[in-house]
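# Summary of the model geometry
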Amino acid sequence: MQQKLTFAFLGMVLALCFATSAGVLAADLTDARQLESFFDGVMAVQLRQYASPGAMVAVVKDGEILLAKGYGWADKEERVPVDPVTTMFRPGSNAKLFVWTAVMQLVEQGLLDLDTDINEYLDFAMPDTLLDGRPAGPITMRHLLTHTAGFEDVMAEVFVERMSQVLPLGEYLRDIPARVFPAGSISVYSNYGSSLAGYIVERISGQPFDAYVDEHIFTPLGMNYSTFTQPLPAHLRPYMAKGYLYRGGEAEAADFEWLLSYPAGGLASSAQDMAVFMLAHLSGGTYNEAQILEADTAAYMHRQHFSNHPSIPGMTLGFIEGQRNDVRYLAHGGDTLQMHTGLWLFPEENLGIYVSYNGAATVMARVVLFEEFMDRYFPVERPLLDAVPDMEKLAQPLLGSYQAARSNFSGQETILRLLQSAPVALDDDGFLTTFVMGRPRQFVPIEPDLWSSRDGRFRLAAAFDDEGMAEYLFTGDPMPLMRAPWYGTLQFLGPLVIGGVLWFLLFLIHWLRRLFKHRGRAEYLERWPLWLPMWFFSVLTMALVALGVVLVFRNSPTYGMPLMFFDWPTSTFRIMAVISGAMAVFALWQLIFSLRSWVRGGRRLRDKVYYTLSAFWSCGLVWFLYYSNFFTW
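Quantities reported herein were computed from a predicted structural model and do not represent experimental measurements. (Residues numbered from 1 in each chain as written. Predicted model: local features only at pLDDT ≥ 70, side-chain atom pairs only at ≥ 80, totals over all residues. Heavy atoms only, no water.)

## Side note on the overall build of the protein
From N to C terminus, the protein includes 18 helices and 21 strands. Along the first, second and third principal axes, the C-alpha set of the protein runs to 90 × 65 × 50 Å. Per-residue burial over the protein gives 54% buried out of 633 residues. Sequence-distant contacts, at least 24 apart, represent 70% of the contacts inside the protein between residues at least 6 apart. Positive and negative charge centroids in the protein, built from 47 and 64 side chains respectively, lie 14 Å apart. (Helix = DSSP H or I, 4+ residues; strand = E, 2+ residues; numbered from the N terminus. Buried < 20%, exposed > 50% of the residue type's maximum accessible area, 1.4 Å probe, protein only. Contact = heavy atoms within 4.5 Å. Lys, Arg positive; Asp, Glu negative; His and termini not counted. Charge placed at Lys NZ, Arg CZ, Asp CG, Glu CD.)

Following this line, the structure appears as structure tokens:
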């Protein structure tokens, strides 16, 4: 009863906060000069703060382009300024919005159905079981548009190093990621699913995806400085801005980015062209006299079609819903490894915002810009929510270590999931804390499965397992968190790996010292059956560590990240799989020998403890390799 009264009281407080928000004075969006001054001020700070040579901004409202402006340099070395009309940036996953628009054009024509099994449209078949063997269910176009198809994430070779690595889209997509969630059960972002939809557009239209979008979207809208084609058409190459990596505290020019998954992120476009695209979506699929979608279709796209929780924003057909300062918006971020972008549509306000940066360090810049824009033009003033009674008890089911559901589960990329750990804890002030949109946030409960940030701007929803513990956490975007099992957390596996590697490194050093030390060498060699498995395990461990170091520190000059993600070293990972298998054999040998030493007796206690510790560390390392799929070919 007390818990219900607590939630009711919190609900009344939130309602009062929302009711008083209307009294805050908002800046005038129709004042173009004031709007430009706002962006000028933000960009003057951000280009320096985030080491970005350039940026572009577009704002549209009520059928007009209020602002389209370039900042800084498209080519810093040649002093070429960013031109909002002609300069082209790579807006990353904003490309997906053109995939979804193309899909809906074909739905209008009756050539695609949103609820038909996509196997009807493909020339290869989707797996019908999940990675764990359960039935997966058929995938439909609706699942692709709402990111509910259930594919695992694969980072490797979405981008590649060279044009010669770029495969035909259908050939690339035949390497199907594992299905890990039943279709329609949870929204988890997928580049593969987006490019698969682009390939279906190819199959149904009979045109390459880039040619289809050019003919049916770019040309009708007059988007003359936009393309999906790789390499860029000759007439557009002079307008392509350079992308910049962040090295040594400065922006360093990098080469053109090549994408295998190009419908999901291979667009190049200007601020003016993206403004026109926003206007078309905000105006019922029409811009000037060109119509790319029927009004009913555009409205249908912009409705919510899936949510991971009924009390938080979800997915439209392609756009990601959000709410900020009591205003609903449709958004899509976009990231290449050199450029970062954000796009926001406000259908009820007939407003759209687009911003793009050509510096790699600007991941958070668009978030900061968007928050400042909303606080200036749609301000809300609320008191911060206080902690409630029994906070620790209410938070208990949510506490723990979580990992991104958008992860790899079947290959060696699984190890990245450990690096995406998100702790959910109570801070010193008694608030539930975790990261949302790149920043730590404090939360208080509204309902047992729904929490609000103290400023009321974010919500955190939970899905519970049969034991009443939170299994998933949702914030509204298709990036849910899933509770990590204790044996799969960084807190558990990290010490196992570090301790195991140090143990066997010290063993090798000790072995070498004893081997080359005259006194006691004969006795040591006589005991070879004891130390031989340890010696082999130690050598194999060091070999695996050496290979890992080479893979991690051999960077791509184009992307500034480990080269293995752009030119997957299959042969190296096969060698690592063989080494991992051999390590498992020698770990088992050590485990058996350790158990026998205790059962049979006759050994010194010191020796028994030593063998047992060696068996423990070897088994720990093998568990890590197994969990991280290093036995996978």
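## Let's talk about unusual backbone geometry
Across the junction of Q230 and P231, the peptide omega takes the value -10°, indicating a cis bond. Structurally, P231 can be placed in the loop between α7 (209-221) and β5 (243-247). Positive phi, close to 60°, is recorded for R79, a residue that is not glycine. With a phi close to 55°, N350 is a non-glycine residue in the positive phi region. Note that N350 resides in the loop between β12 (340-346) and β13 (351-357). On the basis of relative accessibility, which here comes to 22%, the residue N350 falls in the partly exposed class.

## Some details on the side chain of E202
Residue placement: E202 occurs in helix α6 (residues 191-205). Once residues within four sequence positions are removed from consideration, E202 is found in contact with L169, Q207, P208, F209 and Y262.

## Examining the pattern of salt bridges
In total, this model carries 22 salt bridges according to the counting rule given. Close ionic contact of D153 with R406 constitutes a salt bridge, the shortest N to O distance being 3.3 Å. Here D153, found in the loop between α4 (141-145) and β4 (159-160), pairs with R406, found in the loop between β14 (400-404) and α13 (415-419); they are 253 residues apart in sequence, far enough to count as distant. Looking at D153, the relative accessible area reads 15%, which means it is buried. (Salt bridge = Lys/Arg side-chain N within 4 Å of Asp/Glu carboxyl O.)

## Focus: the sheet that holds strand β16 (residues 432-436)
If you trace the 8 strands once around the closed barrel, you get β14-β15-β16-β17-β18-β19-β20-β21, paired in antiparallel fashion. Taken over all neighbouring pairs, the strand axes of this sheet differ in orientation by 35° on average, direction set aside. Across 5 bridges, the pairing between β16 and strand β17 (residues 439-447) is antiparallel. Residue V436 lies in a different strand from β17, and its bridge partner there is R439. (Pairing = 2+ DSSP bridges. Axes fitted to C-alpha atoms, helices over the stretch in contact; angles between N-to-C directions.)

## Considering helix α17 (residues 570-600)
The end-to-end C-alpha distance of α17 is 45 Å, a good match for the 45 Å that 31 residues give at a rise of 1.5 Å each. Phi turns positive one or two residues past the end of α17, at G601, with a value near 75°. (Expected span 1.5 Å × (residues − 1).)

## Quick look at the packing of aromatic side chains
Under the criterion given, the structure shown has 42 aromatic pairs. With a centroid separation of 6.2 Å and 85° between ring planes, the pair formed by Y487 and Y627 is classed as edge-to-face. Of the two residues, Y487 sits in the loop between β21 (481-483) and α14 (490-515) while Y627 sits in helix α18 (residues 605-627), which places them 140 residues apart along the sequence. Here the aromatic residues W486, Y487, F492, W623, Y626, Y627 and F631 are joined through ring pairs into a cluster of three or more. (Phe/Tyr/Trp six-rings, centres within 6.5 Å; stacked < 30°, edge-to-face > 60°.)

## As for the nonpolar core
Formed by 107 residues in total, the largest nonpolar core has its most connected members in F98, M141, L144, L196 and L221. In terms of residue count, helix α9 (residues 271-282) provides more of this core than any other element does, 9 residues in total. Once residues within four sequence positions are removed from consideration, M141 is found in contact with V103, L112, D113, L114, T116, I118, Y121, A197 and I200. Ranked by size, the runner-up nonpolar core spans 30 residues in total, among them L29, L35, F39 and V59. (Core = buried A, V, L, I, M, F, W, Y, C linked by side-chain atoms within 4.5 Å.)

## Some remarks on the side chain of S195
With respect to the element layout, S195 can be found in helix α6. We classify S195 as buried; its relative accessible area is 0%. A distance of 3.5 Å separates a polar side-chain atom of S195 from the backbone nitrogen of A264. Sequence-distant contacts of S195, that is, excluding residues within four places in its chain, are made with L169, L173, S261, Y262, P263 and A264. (Polar contact = N/O pair within 3.5 Å; in protein donor to acceptor, adjacent residues only side chain to side chain.)

## A word on the sheet that holds strand β1 (residues 54-61)
Taken in spatial order, the 7 strands make up an open sheet running β3-β2-β1-β13-β12-β11-β10, and their pairing is antiparallel. Edge positions in the sheet fall to β3 (80-81) and β10 (320-324), since each has one partner strand and no second.

## Comments concerning the pairing of β17
Between β16 and the antiparallel strand that follows it, β17, lie 2 residues; M437 among them carries a positive phi value of about 55°. The turn linking β17 back onto strand β18 (residues 450-453) is made up of 2 residues.

## Here we look at the environment of R596
Looking at where R596 falls in the secondary structure, it is placed in helix α17. The spatial distance from the C-alpha of R596 to the C-alpha of F492 is 28 Å, given a sequence separation of 104 residues.

## Notes on the environment of K242
One can find K242 in the loop between α7 and β5. Each C-alpha atom, one on K242 and one on T362, is 15 Å from the other, the two residues being 120 residues apart in sequence. Among all residues touching K242, those that are not within four sequence positions of it are A74, D75, E77, A253, M339 and N358.

## Concerning a nonpolar patch on the surface
On the surface, a cluster of nonpolar side chains totalling about 470 Å² of accessible area is made up of I498, L502, L505, L506 and I509. Position of I498 among the secondary structure elements: in helix α14. Since its relative accessible area comes to 57%, I498 is described here as exposed. (Patch = residues over 30% accessible without salt bridge, like charges linked within 9 Å, V, L, I, M, F, W, Y side chains within 5 Å. Areas by Shrake-Rupley, 256 points an atom, 1.4 Å probe, with all protein chains shown as cover.)

## Re the packing of helix α3 (residues 96-108) against α9
For the pair α3 and α9, interaxial distance at closest approach is 12 Å and the crossing angle is 40°. Looking at the two axes, α3 sits oblique to α9. Between α3 and α9 the crossing geometry is left-handed. Seen from α3, the contacting residues are L97, F98 and T101; seen from α9, they are M274, F277 and H281. Here the residues of the contact of α3 with α9 sort into 4 nonpolar, 2 polar and no charged. (Parallel < 35°, antiparallel > 145°, perpendicular 65-115°, else oblique. Left-handed = near helix turned anticlockwise from the far one by under 90°. Nonpolar A, V, L, I, M, F, W, Y, C, P; charged D, E, K, R; others polar.)

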